[in-house]
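A structural walkthrough
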Amino acid sequence: MKVFRYRFDDYLLDAAARELWRGDERVPIPPKSLECLAYLLQYRDRAVGRDELIAAVWGRVDASDTLLTQTIWRARRAIGDEGDRSLRTVPRFGYRWVAPVRVEGAPGEIDAVGATRTEAQAAPIEPVAGSAAPARAGFRGTRARYAIGALALVVLAAAAVGFARRDRRAVPKAAVVPSLIVVLPVSVADASAEAAWIRLGAMDYVASRLRDARLKVLPSERVVAIARLPGGAAPDADERARLAALTAADYLLVPRAEHADGVWRFSIDAYHDGRAHTYRAQDPSPLPAANDATGAFLQDTWHAAQLAASPPDQINEISQRVDAALLEGDLAKARTVLEGAGESARNDPRLLARAGKVAFRAGKLDEAEAAFTPLVTDAAVPANIKVLGEMGLGGVDIRRHAFDTAQQHYTRALETLVPDGDLSLQGRAFTERAVFEGSLARVDLAVADIGRARSVLERSGDPIGLAGLDLNGALIESQRGHYDDATRMFDRAIDVYGRFDIADQVAIALAGRVDTRLTVLDNAGALQSSARAWKLLPRLEDPLLIRFMGARHVEALRRNGRLAEAARVLDRFDAGGDHASTDPAFGVLRASVLVDQGKAPLALHLADEIVRDFEQAPVGTCGDTVPGAAIVLTDAALQSRAPEAAAPLLARLSEFAASPQDPEWTFANDMAQGKMLDAQGDPDADRHFAAALAYAESTGEPARVVAAAVAYAGHALRRSDGARAEMLAKRLDPYVALDFRAARAAALLHAMLGESGAAAAADAAAE
């Protein structure tokens, strides 16, 4: 692992060791102050905004200005900086490091302010080993598995084709750098099937050439998602205006290609400031023509020499054909293109990277691993391709839940990334690394990587990438109990995805928001979001997403007492429906609705069918659903006056639990055992209810606390246990205005305690 150290005056900041030295003495400095210094040193070639610094160091954007000011003050004090001598305040913006710095551990060690940045400057500052916070009780079980599952879904849905094209060479600094360039699909005059790949393949090639020139270019898959160009036609004036306004693009590039007399004529219409200029080139092959037209655009616009790069070869064309198929979502076509290449071509690292991508998206993890592995083991593979191999293997490990090895791959990828290279790729690496950090309850590290990803993606000019980051960040914030922060991040993601009209991502974000609002007992807010998501159903194709969204909508309807509507939604997922599913979750939801409707015998009648669904489901896929099934089927048995059915059902369901020690299963088992023993008049019920309530409170989830306290309240009322009643009334009072169950139970508890005023208020809330 590289070691990056910064020397200034007589100080040494060792970023890898997290230490600050003055001569031979170690200088005490708070960890956040050291991280601020390290970040400002890393990006000393520019001013760093306060929001960027907060996101990078604290992993969120809502830390107070006062906190940042105090942290910077402690950093200044540690290095003896007075009067902005080393660390300058930029009024109304942020901070900038201005003192001379020597960077050790990388080529080009002596680096004055304003010089070209070295690899050491651009390298990410890794978290201290073992610095993860201990897992809180709420960061596990069903919520953790739901959130991480959704994170993985988001990562795969938003992942870019993201392949580097060539080794980067020195690039002259441009006189003017545009804020964002958008390259549209190529309008191809040749309608033959052989030329169809050029529409997206050459578009992506042009975008990659501009990105190699260190320009901000909207990722190609984002463009495909928002461009409305039926039949491959060129955009008219209205469409150009819409796309320019939507993306806030500085330059809108409209490429065209025409084949005649054995020659490809490629042109790029560059729209900027209400004017257009056309750049043309021709060649017997389409990519060289696209390459030359792009070079002409670069040279003319920024008065700089064309980016030094090798001319496109046969591998480039095969690569772009594969990328075009991936942008279309046609994995079969991509695989056919790869299979059509010769054996020697298929072993080229560029094609191996694409073969791994195709296999991964098809769910063929062994095949993906076989393609990605040579990219990281062969020393001759260029660094930009090696990064893709490391990230590909990291993604495979995440899908296999091998999070420890995934961490190693992503960390190596971040160490290998070319300085000032593909910002979108860096952002994706940080985001995906946050997935496994969250799964291992390394909350602080996950949040820190989300902050680092935000800093990178804000500089890349990719609003849709930032929306994906917000979506992942919201899921992590929800996991650690920061529900209001999670809701704000969901809302930002929903706003951006909605603006770009990306229906599936809007649905994912809305479904995540539903779950968060249900957790905090904002049932009306949850239903508002789920109803909006449900209206997107005709535009969705992914069955996994449809099931995920449908389950959230049913639960939101149920929590709001709209049971008939919930039953009608469930009908769509029954066998024979237009979205038929054998997912046991829908059987459990159906039983829950029936219990709420007072039809417990019908719910109990579903028990055998639910167990059969668990038996037929793939091993290890039902752990999240089993605890809910245990609680609702126990309720169904007891309310059906068939208590003898509860214990055997519980025993059968235990076979499908994630593990006997799974805290979610332990919670559900305590709830079920407490209810069964209470029905028998066994005082040992108290022990189980108390354990369930203790776990619920440790998670900090209001919905779970209410469920446990309401069940316990029934036991206390039946035993006329005043001490328990008083304790439970205090637990439920904060939720009386939010939840019918809490209000009704609180009213009964206060009445038993002779507190008529509190009982009347709770009754009124229940009404």
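Here is a short report on the structure shown in this document. Small disclaimer: the values here were computed from a predicted structure and weren't measured.

**Concerning the overall build of the protein**
Scanning the protein from N- to C-terminus turns up 35 helices and 14 strands. Excluding contacts between residues fewer than 6 apart, the proportion of contacts in the protein whose partners are at least 24 apart in sequence is 60%. Looking at the protein as shown, the accessible area adds up to about 31,700 Å², and 51% of this sits on carbon and sulfur atoms.

**Focus on helix α24 (residues 563-571)**
Within α24 the residues assigned to the buried category are Leu563, Ala566, Ala567, Val569 and Leu570. Projected down its long axis, α24 carries its buried residues within an arc of 160°, all on one side. Elements in contact with the buried residues of α24: α22 (523-534), α23 (543-559) and α25 (584-596).

**As for unusual backbone geometry**
The phi angle at alanine 248 is positive, at roughly 55°, despite the residue not being glycine. Note on placement: alanine 248 falls in the loop between α8 (237-247) and β12 (251-260).

**Brief notes about the environment of alanine 636**
Locating alanine 636 in the fold gives a position in helix α28 (residues 626-639). In this structure, the C-alpha to C-alpha distance between alanine 636 and leucine 594, residues 42 residues apart in sequence, is 8.7 Å.

**Here's the deal with the side chain of glutamate 19**
In this structure, glutamate 19 sits in strand β3 (residues 19-22). Within the structure, glutamate 19 has its side chain in polar contact with the side chain of tryptophan 21 (distance 3.0 Å). Other than its neighbours up to four places away in sequence, glutamate 19 contacts Leu12, Leu13, Asp14, Arg26 and Leu34.

**Quick word on the packing of helix α21 (residues 503-519) against α23**
Look at α21 against α23: their axes get within 10 Å of each other, and the N-to-C directions meet at 35°. Considering how the two elements wind past one another, α21 and α23 form a crossing that is left-handed. Packed against α21, whose contacting residues are Asp504, Ala507, Ile508, Ala511, Val514, Asp515 and Leu518, the element α23 presents Leu545, Phe548, Met549, Arg552, Glu555, Ala556 and Arg559 at the interface. Classifying every residue of the contact of α21 with α23 by side-chain character gives nine nonpolar, no polar and five charged.

**Side note on the packing of α23 against α25**
The N-to-C vectors of α23 and α25 enclose an angle of 10°; their axes lie 11 Å apart at closest approach. Comparing their axes, α25 and α23 come out roughly parallel. Facing α23, whose interface residues are Arg547, Gly550, Ala551, Val554, Glu555 and Arg558, α25 presents Phe586, Leu589, Ser592, Val593 and Asp596. Here the residues of the contact of α23 with α25 are counted per class, giving five nonpolar, two polar and four charged.

**Description of the pattern of salt bridges**
Scanning all chains against the criterion turns up 37 salt bridges. With a shortest N-O distance of 2.7 Å, glutamate 367 and arginine 335 are connected by a salt bridge. Note that glutamate 367 is positioned in helix α14 (residues 365-377) and arginine 335 in helix α11 (residues 331-340), a separation of 32 residues in sequence. Here aspartate 763 makes a salt bridge to arginine 744, at a shortest N to O gap of 3.0 Å. Here aspartate 763, found in helix α35 (residues 756-766), pairs with arginine 744, found in helix α34 (residues 740-752); they are 19 residues apart in sequence, far enough to count as distant. Classification of arginine 744 as partly exposed rests on a relative accessible area of 36%. Through salt bridges that share partners, Glu555, Arg558, Arg559 and Asp596 make up one connected network.

**Details of the pairing of β3**
Bridging between strand β2 (residues 11-14) and β3 involves four bridges; their strand directions are antiparallel. Within β3, the position partnered with leucine 13 by the bridge is leucine 20. Between β2 and β3, which pair antiparallel and follow one another directly, the connecting turn spans four residues, one of which, arginine 18, has a positive phi of 60°. Sheet topology places β3 next to strand β4 (residues 25-26); two bridges connect them, and they run antiparallel.

**What about the pairing of strand β7 (residues 94-97)?**
Across two bridges, the pairing between strand β5 (residues 48-49) and β7 is antiparallel. Directly across from glycine 49, in β7, lies its bridge partner glycine 94. Bridge count for strand β6 (residues 87-90) against β7 is four bridges, and the pairing is antiparallel. In the strand pairing of β7, leucine 87 is matched with tryptophan 97. As consecutive antiparallel partners, β6 and β7 are separated by three residues, and within that stretch arginine 92 has a phi angle of approximately 60°, a positive value.

**What to know about the environment of isoleucine 502**
Inspection of the secondary structure puts isoleucine 502 in the loop between α20 (483-499) and α21. Look at isoleucine 502 and you get buried, because its relative accessible area is 11%. Among residues more than four places away in sequence, those in contact with isoleucine 502 are Ala225, Ile464 and Tyr497.

**Description of the nonpolar core**
Buried together is how nonpolar side chains tend to be arranged in soluble globular proteins. With 93 residues, the main nonpolar core has Ile181, Val183, Ile198, Leu210, Leu253 and Phe266 as its most contacted residues. Take this core: its biggest share by element is nine residues, from α21. Leucine 210 has contacts with Ile181, Val183, Leu215, Val217, Leu253, Thr294, Phe297 and Leu298, leaving out every residue within four places of it along the chain.

**Overview of the sheet that holds β6**
Strands sit in the order β5-β7-β6 across an open sheet of three strands; the sheet is antiparallel. In the strand order of this sheet, the two ends are held by β5 and β6, each with one partner. Sitting on the sheet, helix α3 (residues 65-79) is in contact with β6 and β7, with an inclination near 20° to β7.

**Thoughts on the packing of aromatic side chains**
Following the criterion strictly, the structure yields ten aromatic pairs and no others. Aromatic side chains phenylalanine 8 and tryptophan 97 sit 4.8 Å apart centroid to centroid with 70° between the ring planes, which places their arrangement in the edge-to-face category. Placement of the pair is phenylalanine 8 in strand β1 (residues 5-8) and tryptophan 97 in strand β7, with a sequence separation of 89 residues. Both residues of the pair, phenylalanine 8 and tryptophan 97, count as buried.

Cut-off values and rules
- Residues numbered from 1 in each chain as written.
- Predicted model: local features only at pLDDT ≥ 70, side-chain atom pairs only at ≥ 80, totals over all residues.
- Heavy atoms only, no water.
- Helix = DSSP H or I, 4+ residues; strand = E, 2+ residues; numbered from the N terminus.
- Contact = heavy atoms within 4.5 Å.
- Areas by Shrake-Rupley, 256 points an atom, 1.4 Å probe, with all protein chains shown as cover.
- Buried < 20%, exposed > 50% of the residue type's maximum accessible area, 1.4 Å probe, protein only.
- Arc of directions from axis to C-beta.
- Polar contact = N/O pair within 3.5 Å; in protein donor to acceptor, adjacent residues only side chain to side chain.
- Axes fitted to C-alpha atoms, helices over the stretch in contact; angles between N-to-C directions.
- Left-handed = near helix turned anticlockwise from the far one by under 90°.
- Nonpolar A, V, L, I, M, F, W, Y, C, P; charged D, E, K, R; others polar.
- Parallel < 35°, antiparallel > 145°, perpendicular 65-115°, else oblique.
- Salt bridge = Lys/Arg side-chain N within 4 Å of Asp/Glu carboxyl O.
- Pairing = 2+ DSSP bridges.
- Core = buried A, V, L, I, M, F, W, Y, C linked by side-chain atoms within 4.5 Å.
- Phe/Tyr/Trp six-rings, centres within 6.5 Å; stacked < 30°, edge-to-face > 60°.

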